[in-house]
Amino acid sequence: MSQWNQVQQLEIKFLEQVDQFYDDNFPMEIRHLLAQWIENQDWEAASNNETMATILLQNLLIQLDEQLGRVSKEKNLLLIHNLKRIRKVLQGKFHGNPMHVAVVISNCLREERRILAAANMPVQGPLEKSLQSSSVSERQRNVEHKVAAIKNSVQMTEQDTKYLEDLQDEFDYRYKTIQTMDQSDKNSAMMNQEVLTLQEMLNSLDFKRKEALSKMTQIIYETDLLMNNMLIEELQDWKRRQQIACIGGPLHNGLDQLQNCFTLLAESLFQLRRQLEKLEEQSTKMTYEGDPIPVQRTHMLERVTFLIYNLFKNSFVVERHLQPKEMKSSAGGKGNEGCHMVTEELHSITFETQICLYGLTIDLETSSLPVVMISNVSQLPNAWASIIWYNVSTNDSQNLVFFNNPPPATLSQLLEVMSWQFSSYVGRGLNSDQLNMLAEKLTVQSSYSDGHLTWAKFCKEHLPGKSFTFWTWLEAILDLIKKHILPLWIDGYVMGFVSKEKERLLLKDKMPGTFLLRFSESHLGGITFTWVDHSENGEVRFHSVEPYNKGRLSALPFADILRDYKVIMAENIPENPLKYLYPDIPKDKAFGKHYSSQPCEVSRPTERGDKGYVPSVFIPISTIRSDSMEPHSPSDLLPMSPSVYAVLRENLSPTTIETAMKSPYSAE
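Residues numbered from 1 in each chain as written. Predicted model: local features only at pLDDT ≥ 70, side-chain atom pairs only at ≥ 80, totals over all residues. Heavy atoms only, no water.

Enquirer: I keep staring at the overall build of the protein chain and nothing clicks. Help me out?
Expert: Within the protein chain, the secondary structure is distributed over 24 helices and 15 strands. In the protein chain, which comprises 668 residues, the proportion classed as buried is 45%. Put simply, 69% of the contacts in the protein chain that link residues at least 6 apart link residues at least 24 apart. Surface summary for the protein chain: the accessible area is close to 34,300 Å², and the carbon and sulfur share equals 51%. (Helix = DSSP H or I, 4+ residues; strand = E, 2+ residues; numbered from the N terminus. Buried < 20%, exposed > 50% of the residue type's maximum accessible area, 1.4 Å probe, protein only. Contact = heavy atoms within 4.5 Å. Areas by Shrake-Rupley, 256 points an atom, 1.4 Å probe, with all protein chains shown as cover.)

Spelled out as structure tokens, the structure:
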């Protein structure tokens, strides 16, 4: 089932999250129409490769054109109109920056995976709960409401300014008319009445000027209050959400919503500034004793200008798609000082620009979240661990000396982030049982709801009895899943994180041949399977094979290994012991769609291949031995071709076969 089909089957509360981030980022109509094609492209790689991104954007538009041709035949006028509009928007928005569309689509697919993982989780984690609090949503609505109210008020003062201009023009016309009258007419009753009218007009003009200035003063006050409280607070929350999204967390609200508020507010302030300039022009043309404009306008203009500068300075932010290809000391990066591993050295990339708008020149500067600069790809896992720990542990976006004394993280938060790593990187998050196993591995406890964990415990100290850290072990598993067992993991067939003790509890009452898949605790990036059977006297027995690592899985797909795996029983007959995936799923039903070739046969081949060679297929074989037999080294476990096995079977004695194969199972 495609990822998009899975998304459409979610509950309404999760569908609302999907709707929200697509509304902010990418047209959902395109995601729906091109679902399978979109999922088959490597958007993540394209986000860092301009040539690849350009090709993908061109192909996206071609795919869209094909859909347009199809709906044109169906004469679906509304859909045709929407697709043409969307195509025009896509081409205009991304044509000059194709890597951006790759970033956007990659983020959308990642967010879908995170939401699918969250839908399968019994309980939301503390970090996600904090990002979805009702108070945050309420503040967002209040910000939008107040911005709209300010915009409306500025429109009203615009009308007031226009009315003042018309009133002043009328006053000026009537005043000049009196000036041109004959001296004899100036003493007439009509003249006296005209003077009274002018006085009333002047009084009205003075009142309207004071009223307009009062309204503008109130708008300035409300804007100042909104910016320094709610809007800046909302911006800080967005920066925190950005930190969380950086490490695989939810993309609850994009930047578009916040950008719209800043834009509307900036438009209102510039409009207010123009109104104050118009009032100055009116006062220059006609002033009088007690005129409020010369007294108030200068101070008000200074406040408006200050708010504009402040608004722009706060609105200049870096959104989380930076991946520098090269960084030299003269490039402007700011870093921390002190003796650290290179992966704990935090740097900040500074961005500067200048805006010239409506007569104002504004110098802007902002910095990225802390980044880690590495010189070799081998440093990447530990660098990523540093980024995770930083963004989990602090809201401060510029603490470059963080690792001088890194604070502990709560275990519940950290495990939530671990699940995000799996949902964002390999398409399926971790359930509560899997998280419990990780908690036990980290803290030797059975619950992950409480407690704290140090940075050293997470990434620097070796696990008990092992030569690697917890994070190194976990990162190797992520790499294994991504490169070798991804379809099996996404389908939920890999239990993965389960201890040997829990494994035996799960299998002991199951039918013989029931097996489960778990990650090795002693081999980096290893996966093993354990099955259950019974001895002749009814005793329950458990068998585990030497873990398969990426080297072995590069030669043989894991699903094929499970299908073709054989053991040599006491009668020297090869037999596949794997019958049911835990709890009771027939093996072929679970893995059949992932098999990459026909089942292997262990009889001697009778036909030759196209080039005259005897065809061979490698299969994994182990030998089940009695306790009296001396076990061989696990490193001797090697795959054997059916043809080699057939030759050995016909020409060597059973004892010789057993010695030559040297492929015992091993209890890890």
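Enquirer: Whenever I open this one, the sheet that holds strand S8 (residues 527-534) confuses me. Can you help?
Expert: Backbone-to-backbone hydrogen bonds join strands into a sheet, with any given pair of strands oriented parallel or antiparallel. Taking strand neighbours across the sheet as the criterion, the 5 strands line up as S9-S8-S7-S12-S13 in an open arrangement whose pairing is mixed. Of all strands in the sheet, those bounded by a partner on one side alone are strand S9 (540-544) and strand S13 (585-586). Taken together, the 2 bridges between strand S12 (residues 580-581) and S13 define a ladder with antiparallel strand orientation. Note on S13: the bridge partner recorded for Leu581 is Ile585. Against the sheet, helix H18 (residues 470-490) contacts strand S7 (514-519) and S8, and its axis sits at roughly 150 degrees relative to S7. Across the face of the sheet, helix H19 (residues 500-507) comes into contact with S7, S8 and S9 while running at roughly 160 degrees to S7. (Pairing = 2+ DSSP bridges. Axes fitted to C-alpha atoms, helices over the stretch in contact; angles between N-to-C directions.)

Enquirer: Would you take a moment to explain the packing of aromatic side chains for this structure?
Expert: A ring pair, where both rings are aromatic, is described by two values, the distance of the centres and the angle of the planes. Scanning all chains against the criterion turns up 26 aromatic pairs. Over the ring of Trp473 we find Lys441; its NZ or CZ atom is 4.7 Å from the centre of that ring. Taking NZ or CZ as reference, Lys482 lies 5.0 Å from the ring centre of Tyr425, over its face. (Phe/Tyr/Trp six-rings, centres within 6.5 Å; stacked < 30°, edge-to-face > 60°. Lys NZ or Arg CZ within 6 Å of the ring centre and 35° of its normal.)

Enquirer: Even after reading the chapter, I still don't get the side chain of Arg297, so can you show me in this structure?
Expert: Assignment of secondary structure puts Arg297 in helix H13 (residues 292-315). When its relative accessible area of 10% is taken as the criterion, Arg297 is described as buried.

Enquirer: Is there a simple way to explain the nonpolar core in this structure?
Expert: Across soluble globular proteins, nonpolar side chains have a tendency to be buried as a group. Among the nonpolar cores identified, the biggest contains 70 residues, and Phe458, Phe529 and Phe558 are the most heavily contacted of them. Ignoring sequence-local partners within four residues, the contact set of Phe458 consists of Ala385, Trp389, Leu414, Met418, Leu453, Thr469, Phe470 and Trp471. Residues Ile178, Leu269, Ile293 and Ile362 belong to the second largest nonpolar core, which totals 48 residues. (Core = buried A, V, L, I, M, F, W, Y, C linked by side-chain atoms within 4.5 Å.)

Enquirer: What am I meant to see in unusual backbone geometry here?
Expert: If a residue is not glycine, its phi is most likely negative; likewise, a peptide bond is most likely trans. Omega for the bond connecting Tyr582 with Pro583 falls within 30 degrees of zero, at 5 degrees, which places this linkage in the cis form. Checked against the element boundaries, Pro583 lands in the loop between S12 and S13.

Enquirer: Explain the environment of Asp509 here, please?
Expert: Take Asp509: it is sitting in the loop between H19 and S7. Along the sequence, Asp509 and Val532 sit 23 residues apart, while their C-alpha atoms lie 8.9 Å from each other. Engagement of the side chain of Asp509 in a polar contact is seen with the side chain of Lys508, the distance being 3.2 Å. (Polar contact = N/O pair within 3.5 Å; in protein donor to acceptor, adjacent residues only side chain to side chain.)

Enquirer: Could you clarify how one ought to interpret helix H16 (residues 432-443) in this entry?
Expert: Structural remark: α-helix, 3.6 residues per turn; residues separated by three or four positions point the same way. With 12 residues, H16 should cover 16 Å at 1.5 Å per step; its first-to-last C-alpha distance of 16 Å lies within 8% of that length. Those residues of H16 not exposed but buried are Gln434, Leu435, Met437, Leu438, Ala439, Lys441 and Leu442. Buried residues along H16 sit against helix H15 (411-426), strand S6 (452-453), helix H17 (455-459) and H18. Where H16 begins, the side chain of Asn431 points an oxygen toward the backbone nitrogen of Asp433, at a separation of 3.1 Å. (Expected span 1.5 Å × (residues − 1).)

Enquirer: Got a minute to help me understand the packing of helix H14 (residues 380-393) against H15 in this structure?
Expert: Helices that pack against each other are described as a pair by the angle of their axes relative to one another and the distance between those axes. Packing of H14 against H15 leaves a shortest axis separation of 11 Å and a crossing angle of 130 degrees. In this view, H14 runs oblique relative to H15, as classed from their interaxial angle. Here the hand of the crossing between H14 and H15 comes out right-handed. Seen from H14, the contacting residues are Trp384, Ile388, Trp389 and Val392; seen from H15, they are Gln413, Leu414, Val417, Met418 and Gln421. Among the residues making up the contact of H14 with H15, the classes are represented as 7 nonpolar, 2 polar and no charged. (Parallel < 35°, antiparallel > 145°, perpendicular 65-115°, else oblique. Left-handed = near helix turned anticlockwise from the far one by under 90°. Nonpolar A, V, L, I, M, F, W, Y, C, P; charged D, E, K, R; others polar.)

Enquirer: How should the pattern of salt bridges be read in this particular structure?
Expert: Oppositely charged side chains are able to pair whenever their charged atoms sit close together. Under the definition given, this model contains 24 salt bridges. Between Asp564 and Arg563 there is a salt bridge, with the nearest N and O atoms lying 2.8 Å from each other. For the pair Asp564 and Arg563, one class covers both residues: buried. Here the salt bridges share partners, and the residues they tie into one network are Arg31, Glu39 and Glu112. (Salt bridge = Lys/Arg side-chain N within 4 Å of Asp/Glu carboxyl O.)

Enquirer: Quick question: what am I supposed to make of the packing of helix H11 (residues 189-246) against helix H12 (residues 255-285) here?
Expert: Look at H11 against H12: their axes get within 11 Å of each other, and the N-to-C directions meet at 160 degrees. In terms of orientation, H11 and H12 fall into the roughly antiparallel class. The handedness of the crossing between H11 and H12 comes out as left-handed. Mapping the contact onto sequence places Arg209, Leu213, Met216, Ile219, Ile220, Thr223, Leu226, Met227, Leu231, Glu234, Leu235 and Trp238 in H11 and Leu255, Leu258, Cys261, Phe262, Leu265, Leu269, Leu272, Gln275, Leu276, Leu279, Gln282 and Ser283 in H12.

Enquirer: Got a minute to help me understand the environment of Ala148 in this structure?
Expert: Its location among the elements puts Ala148 in helix H10 (residues 134-179). Residues Ala148 and Leu264 lie 116 residues apart in sequence; the distance between their C-alpha atoms is 7.9 Å.

Enquirer: How should the pairing of S8 be read in this particular structure?
Expert: Two faces make up the sheet, and in a regular strand the side chains alternate between them. The buried fraction of S8 amounts to 7 of the 8 residues, a majority that puts the element mostly inside the structure. Sheet topology note: the S7/S8 ladder contains 5 bridges and is antiparallel. Looking at the pairing, Arg518 lines up with Thr528 of S8. Summarising the sheet, S8 and S9 pair through 5 bridges and their orientation is antiparallel. Its bridge partner being in S9, Val532 is matched across the sheet by Phe542.

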